[in-house]
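Secondary and tertiary structure notes
Residues per chain, in single letters:
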Amino acid sequence: MPGMGGMNRMGRMAGMSRAAVPSPAGQDKPPMKSPMSGRMGKGETRGAQMRVHAVGAASRVRKMAGRSGPGGYKKLTYADLRGLRPNVDRRKPSRVIVLRLTGNMERYFWTINNRKYSDAKAIKLRFGERVRIRFVNETMMAHPMHLHGMWSELRNGNGRFNPKKHTISVGPGQIIEIDVTADAVGQWAFHCHLLFHMETGMFRKVVVAQVAKSE
Ligand SMILES: [Cu+2]
């Protein structure tokens, strides 16, 4: 079975990588050490390990300070995402739309700004306008919010290289902002991608229309 094969391969690879860790430093050092000493003492092993950290991973370790996961592995976050090309629309958003992600865990229904879809008005965007959407997650669940039809430029500090995404996962208690250029006329779904959240009302219709600026 392909799955089993994959697991075995992974297991072997994990074993190999663990065994391989000391060897680069070992190869690095013996020419210097062997004339001085016939055996590897504890201090040398420790020294080799320290060199692995110092030479191989110091900058990486510094970068991941405060967000390392189990075993010292780097935990990837949205801060690691960066667009390959700069975003085309460099205008500042003309307004901010606040979407509070709300609901009730015990009764298990989910809403936006405390309103379910059937009780809410559509979010109207003027064709060509640039808006900022601020998600404020007031719940203790993550909500992957998916805006159809247009890119969500995640504001993660990369400026023009902020990554473009379809779905933005907003963690419990988190505030995340996206910038959107309304470049697609039509009616679009905007919803939590946990479909049982969407079903209970964490859904909005977004309408992008050609309207005069004075409206
Ligand atoms: Cu949700």
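As shown above, the structure is provided for reference.
Residues numbered from 1 in each chain as written. Predicted model: local features only at pLDDT ≥ 70, side-chain atom pairs only at ≥ 80, totals over all residues. Heavy atoms only, no water.

**Quick notes on the overall build of the chain**
- Counting secondary structure elements, the chain contains five helices and 11 strands.
- The buried share among the 215 residues of the chain stands at 30%. (Helix = DSSP H or I, 4+ residues; strand = E, 2+ residues; numbered from the N terminus. Buried < 20%, exposed > 50% of the residue type's maximum accessible area, 1.4 Å probe, protein only.)

**A few points about the packing of aromatic side chains**
- Throughout the structure, instances matching the rule amount to four aromatic pairs.
- Between Tyr117 and Phe203 the ring centres are 4.7 Å apart and the planes differ by 70 degrees, which places this aromatic pair in the edge-to-face class. Pair noted here: Tyr117 is in the loop between strand E2 (109-112) and strand E3 (123-126) and Phe203 is in strand E11 (residues 203-209), with a separation of 86 residues, a long-range link.
- Overall, the relative accessible area of 36% leaves Tyr117 in the partly exposed class.
- Measuring from centroid to centroid gives 6.1 Å for Phe135 and Phe190, while their planes differ by 65 degrees, and the two rings are edge-to-face. Of this pair, Phe135 sits in strand E4 (residues 130-137) while Phe190 sits in strand E10 (residues 186-192), and the two are 55 residues apart along the sequence.
- Given the relative accessible area of 0%, Phe135 is considered buried.
- Exposure remark for Phe190: the relative accessible area of 1% places this residue in the buried category.
- Taken together, Tyr108, Trp110 and Phe196 form an aromatic cluster joined through their ring pairs.
- Above the face of the Phe161 ring, Arg82 is positioned so that its terminal group lies 4.4 Å from the ring centre. (Phe/Tyr/Trp six-rings, centres within 6.5 Å; stacked < 30°, edge-to-face > 60°. Lys NZ or Arg CZ within 6 Å of the ring centre and 35° of its normal.)

**Remarks on the sheet that holds strand E7 (residues 164-165)**
- In space, the six strands of this open sheet follow the order E2-E1-E4-E9-E6-E7, with mixed pairing throughout. A strand with exactly one partner marks an edge of an open sheet, and here the two such strands are E2 and E7.
- Of the strand pairs in this sheet, strand E6 (residues 152-154) and strand E9 (residues 175-181) are connected by two bridges, and their pairing is antiparallel. In the strand pairing of E9, Leu154 is matched with Ile178. (Pairing = 2+ DSSP bridges.)

**Observations concerning the coordination of the copper ion**
- Looking at the metal site, the copper ion is ligated by His143 (ND1), Cys192 (SG) and His197 (ND1), spaced 2.0 to 2.1 Å from it.
- Motif for the copper ion, donor spacing along one chain: H-x48-C-x4-H. With a gap of 54 residues between them, His143 in strand E5 (residues 143-147) and His197 in helix H5 (residues 195-200) connect regions that are remote in the sequence.
- Note on His197: relative accessible area 0%, which makes it buried. (Donors = N, O, S within 2.8 Å, 3.2 Å for Na, K, Ca; no water.)

**Description of the layout of surface pockets**
- Here the second largest pocket defines a volume of roughly 220 Å³.
- Lining the second largest pocket we find 16 residues, and of these Arg130, Gly159, Arg160, Asn162 and Asp179 sit closest to its centre.
- For the lining of the second largest pocket, the per-class residue count stands at one nonpolar, five polar and 10 charged. (1 Å grid on protein atoms, 1.4 Å probe; cavity = no way out; pocket = protein on both sides within 12 Å on 5 of 7 lines; lining within 4 Å. Points joined across faces, edges and corners; volume = space filled by probe spheres on them. Nonpolar A, V, L, I, M, F, W, Y, C, P; charged D, E, K, R; others polar.)

**Thoughts on the side chain of Ser152**
- On the secondary structure map, Ser152 appears in strand E6.
- A residue is classified by how much of its surface remains accessible, and Ser152, at 1% relative accessible area, is buried.
- Excluding residues that lie within four positions of it along the chain, Ser152 makes contacts with Leu147, Pro163, Lys164, Lys165, His166, Ile168, Ile178, Asp179 and Val180. (Contact = heavy atoms within 4.5 Å.)

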